[in-house]
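Close look at the chain arrangement
Now for the letters of each chain:
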Amino acid sequence: MSERKVRVRFAPSPTGALHIGGVRTALYNYLFARQHGGELVFRIEDTDSHRFVPGAEEYILESFRWLGIQFDEGVSFGGSHGPYRQSERRDIYKEYVKQLLDAGKAYYAFDTPEELERKRTEVQNFQYDASTRQQMRNSLTMERSEWEALIADGAQFTVRFKVEPGQEIHVNDMIRGDVRVKSDILDDKVLYKSADELPTYHLANIVDDHLMEITHVIRGEEWLPSAPLHVLLYQAFGWDDTMPRFAHLPLLLKPEGKGKLSKRDGDRLGFPVFPLEWHDPKTGEVSSGYRESGYFPEAVVNFLALLGWNPGTEQELFSLDELVETFDITKCSKSGAKFDYQKGIWFNHEYMLRKSDDEIAREFAAIVANNGVDETFERVKLVVHLMKDRVSFVKELWPLCSFFFIAPTDYDEKTVKKRWKAFSGQQMAELADVLQGIDDFSIEGQEPVVMKWVEDKGYKLGDVMNAFRLALVGVGKGPGMFDISAFLGKEETICRLKRAIEALPKGE
């Protein structure tokens, strides 16, 4: 086993938007593959044609392109183990179904849905297994001529795996250790349905993983109950030597309360549970995505990596390369990880601070332009430099600093009441005259002149600066006053001062 090249896979079904839990599973597979110099395969599980949703496959691929998670082979990537779409592998699966039937490891079952439902009503906790299969209509209870005639007449059937009782099954799990299960609790799962000539998940995955030389199966905890059956199938085919190591990841849990994270939690609390915005082609419903909500892909990756895995240090910010180096699948938690969406916002803020002013300004410039402002990139970048540490998302910049580009037309009432004194109009008129006389309107040119004027007049600095801010900004917030006035320039600064003097209450 150790001599085989590490190969892992991510195999979603194209049934809708990709849940953020699926993204984390793909990320862990990616990190494991890269860490071991291995390969990541992208496979599409589309054997359930009734659940197929147009556009879902491309949505999944676009999600990973945005996140920077790269696959080595598979659907749309090519490779030597294809086809990678399960619906294109029908003949392959039939061959392996026949192999199990011929070996007596599986059997034909002709029970109708109505007959199965009736049995469930008659027998509490009914399970199709070694203790009940003799009471059912299948090739184990019928004469060969009888079931062969049924098949020849086109009767619909399923093929069930024959689970032998009295066995102890060992699942070698990298997170949970040696998981032992008694075969008596397993039912004879359906492996193939004649109705659509397609295998079920259980058979298709085992055959694909074997033929695609998958060495490790890293998937969600919800698949853990399937693992014992998958071990038995590997053994039934005689593939014990190529059986993959399993790793069943902890569930992503609701931010509050109990249970698995769902889209409803995101809708209720106002955070996305999908990587990209999803437009449901059946209902027309639009669901928010991390990309459209303004998250940086690096922040989403970093956030997800730490949901269920801990590096064992105080470090929280990791680049993708650092995650590859540090990640250890055996240190994943066995218990579920609470989805702390507020922490996701924190990560985005940290990545905002890490990014260059140029990167942020490129995004913010489009927002400025969309608000009808024609401004140079350099000036937009200067505003970003002054303000980016105050926000978690680029989209939050405009409401916070639109005053740099558009003069206030009204003034915050609470700030006016608190900061605009009876003498503020007179002081601002004097300040306008002082500023008019300054030739060098940079921060360094303004600040000493204004400070000397305040000192010479015996004014309180707080009174002057609070009124100055209100006049230029319209509220009592913002960066340093000389940063603002230097950006606005002399003409615009004095214009705003005079407008405030006219608009705001006059002194007695």
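The protein chain has the name Glutamate--tRNA ligase in an unreviewed UniProt entry, where Prevotella dentalis is given as its organism. Of the comments in the UniProt record for the protein chain, the one headed Catalytic activity (unreviewed entry) reads "tRNA(Glu) + L-glutamate + ATP = L-glutamyl-tRNA(Glu) + AMP + diphosphate". Check the Subunit (unreviewed entry) section of the UniProt entry for the protein chain; it says "Monomer."

Considering the overall build of the protein chain
Along the protein chain, the regular secondary structure elements total 20 helices and 15 strands. Taken over C-alpha atoms, the radius of gyration comes to 33 Å for the protein chain, far larger than the 23 Å a tight globule of 508 residues would show. Dimensions of the protein chain along its principal axes, counting C-alpha atoms only, are 110 × 50 × 35 Å. When burial is assessed residue by residue, the protein chain has 50% of its 508 residues classed as buried. Here the contacts in the protein chain between residues at least 6 apart in sequence split such that 72% fall between residues at least 24 apart. Carbon and sulfur atoms make up 48% of the accessible area of the protein chain, which totals about 24,400 Å². Where the 65 positive side-chain charges of the protein chain centre and where its 82 negative ones centre are 4 Å apart.

Here's the deal with a negative patch on the surface
Taken together, the side chains of D439, D440, E444 and E447 make up a negatively charged region of the molecular surface. Secondary-structure assignment places E447 in helix α17 (residues 443-457).

Here we look at the domain arrangement of the protein chain
One can read the domain layout of the protein chain as domain 1 (87-249), domain 2 (263-353) and domain 3 (407-503). In this structure, domain 1 and domain 3 have C-alpha centres spaced 78 Å apart.

Re the pairing of strand β10 (residues 216-220)
Burial runs high along β10: 5 of the 5 residues are buried. In this sheet, strand β11 (residues 245-249) lies alongside β10 in parallel orientation, the contact comprising 5 bridges. Counted as the bridge partner of I218 is A247 from β11. Regarding the hand of the β-α-β motif, the stretch spanning β10, helix α7 (residues 227-237) and β11 is right-handed.

Focus on helix α12 (residues 357-370)
Along its 14 residues, α12 runs 20 Å from first to last C-alpha, staying within 8% of the 20 Å computed at 1.5 Å per residue. At E363, α12 shows its maximal kink, close to 30°. Among all positions in α12, only D357, I360, A361, F364 and V368 are buried. Close packing links the buried residues of α12 with α11 (341-354), α13 (377-387) and α14 (397-401).

Remarks on the UniProt feature "domain: Aminoacyl-tRNA synthetase class I anticodon-binding" (unreviewed entry) in the protein chain
With numbering matched to this structure, UniProt assigns "domain: Aminoacyl-tRNA synthetase class I anticodon-binding" (unreviewed entry) to residues 375-501. Secondary structure across residues 375-501 comprises 66% helix and 0% strand; the distance between its end C-alpha atoms is 27 Å.

Regarding the pairing of strand β1 (residues 7-10)
Residues R7 and R9 point to one face of β1 and V8 and F10 to the other, with burial holding for every one of them. Pairing geometry for β1 and strand β2 (residues 39-42), over 4 bridges, is parallel. Within β2, the position partnered with R7 by the bridge is E39. In this fold, β1 hands off to helix α1 (residues 20-35), which returns the chain to β2; that crossover is right-handed.

Side note on the side chain of D46
Tracing the chain through its elements places D46 in the loop between β2 and α2 (56-67). No salt bridge forms around the buried D46; measuring N to O, its nearest opposite-charge neighbour R85 is 4.3 Å away. Only 3.3 Å separates the side chain of D46 from the backbone nitrogen of Q86, close enough to count as a polar contact.

Some points on the UniProt feature "domain: Glutamyl/glutaminyl-tRNA synthetase class Ib catalytic" (unreviewed entry) in the protein chain
With numbering aligned to this structure, UniProt lists the feature "domain: Glutamyl/glutaminyl-tRNA synthetase class Ib catalytic" (unreviewed entry) at residues 5-343. Overall, residues 5-343 shows 32% helix and 16% strand. The separation of its end C-alpha atoms is 36 Å.

Thoughts on the nonpolar core
Counting 153 residues, the largest nonpolar core has I329, F339, F364, F404 and F405 as the members making the most contacts within it. Per-element accounting of this core gives the leading share, 9 residues, to α1. Residue contacts for I329: discarding those within four places in its chain leaves F32, M174, I175, I218, A247 and L249. The next biggest cluster of nonpolar side chains, apart from the first, holds 6 residues, and it includes Y107, L116, Y128 and M136.

Considering the pattern of salt bridges
For side chains bearing opposite charge, pairing can occur when the charged atoms are close. The tally for this structure, following the rule as stated, stands at 41 salt bridges. One salt bridge connects E285 with K263, and the closest N-O pair in it is separated by 2.8 Å. Taken together, the positions of E285 in the loop between β13 (278-279) and β14 (286-287) and K263 in helix α8 (residues 263-269) put the pair 22 residues apart, joining distant regions of the chain. Among the residues examined, K263 registers a relative accessible area of 22% and is labelled partly exposed.

Details of the layout of surface pockets
Computed from the structure, the largest pocket encloses a volume of approximately 1,300 Å³. Surrounding the largest pocket, 50 residues form its lining, P12, S13, T15, R51 and W223 being those nearest its centre. Within the residue set of the lining of the largest pocket, elements represented by two or more residues are β1, α1, β8 (190-193), α6 (201-211) and β10. Tallying contributions element by element places α1 first for the lining of the largest pocket, with 5 residues. Among the residues making up the lining of the largest pocket, the classes are represented as 20 nonpolar, 14 polar and 16 charged. No fewer than three residues from each of domain 1 (87-249) and domain 2 (263-353) sit in the lining of the largest pocket.

Rules of the game
Residue positions are given per chain, counting from 1 as you read along its sequence in written order. The predicted origin of the model limits local features to residues at a pLDDT of at least 70 and limits the giving and counting of side-chain atom pairs to 80 or more, whereas totals for whole chains, interfaces and linings rest on all residues. For the side-chain quantities, the full set of heavy atoms in the structure was used; hydrogens and water were omitted. UniProt positions are given in the numbering used here, feature names are shortened, and annotations may be inferred rather than shown by experiment. For the purposes of this entry, the term helix denotes a DSSP run of H or I that reaches at least four residues, the term strand denotes a run of E that reaches at least two, and both are numbered from the N terminus. All radius of gyration figures rest on C-alpha atoms, and the globule criterion is 2.2 Å times the number of residues raised to 0.38. For each residue, the accessible area found with a 1.4 Å probe, counting protein chains only, is set against the maximum for its type, and the residue is called buried under 20%, exposed over 50%, and partly exposed in between. Whether two residues are in contact is decided by their heavy atoms: any pair within 4.5 Å suffices. In these tables, accessible area is a Shrake-Rupley quantity obtained with a 1.4 Å probe, and a residue counts as shielded only by the protein chains included in the view. Charge convention: Lys and Arg are scored as positive, Asp and Glu as negative, and His as well as the terminal groups of each chain are ignored. Note that the charge is assigned to NZ on lysines, CZ on arginines, CG on aspartates and CD on glutamates. Residues forming no salt bridge and having over 30% relative accessible area are the ones grouped into patches, like charges within 9 Å of each other and nonpolar side chains (Val, Leu, Ile, Met, Phe, Trp, Tyr) within 5 Å. Here a salt bridge means any side-chain nitrogen of Lys or Arg lying within 4 Å of a carboxyl oxygen belonging to Asp or Glu. Segmentation into domains, and thus their bounds, comes from an automatic or database assignment. Here, a strand pair is defined by DSSP locating no fewer than two bridges between the strands. A right-handed crossover is one whose linking path, passing over the helix from the first strand to the second, runs clockwise when the strands point away from the viewer. Any helix carries an expected span of 1.5 Å times its number of residues minus one. Axes are fitted to the seven residues ending at a residue and to the seven starting at it; the angle between these axes is taken as the bend at that residue. Whenever a nitrogen or oxygen atom comes within 3.5 Å of another N or O atom, the pair is scored as a polar contact, on the condition that within protein one atom can donate a hydrogen and the other can accept it, and that pairs from neighbouring residues in sequence are kept only if both atoms are in side chains. The definition of a nonpolar core used throughout is a set of buried Ala, Val, Leu, Ile, Met, Phe, Trp, Tyr and Cys residues joined through side-chain atoms within 4.5 Å. Here a cavity is any set of points on a 1 Å grid over the protein atoms alone where a 1.4 Å probe fits but cannot get out, and a pocket is any open set with protein on both sides within 12 Å along at least 5 of 7 lines; a residue lines the site when it has an atom within 4 Å of a point. Grid points are joined across faces, edges and corners, and a volume is the space filled by probe spheres set on the points. Just so you know the grouping, Ala, Val, Leu, Ile, Met, Phe, Trp, Tyr, Cys and Pro go in nonpolar, Asp, Glu, Lys and Arg go in charged, and all remaining residues, Gly too, go in polar.

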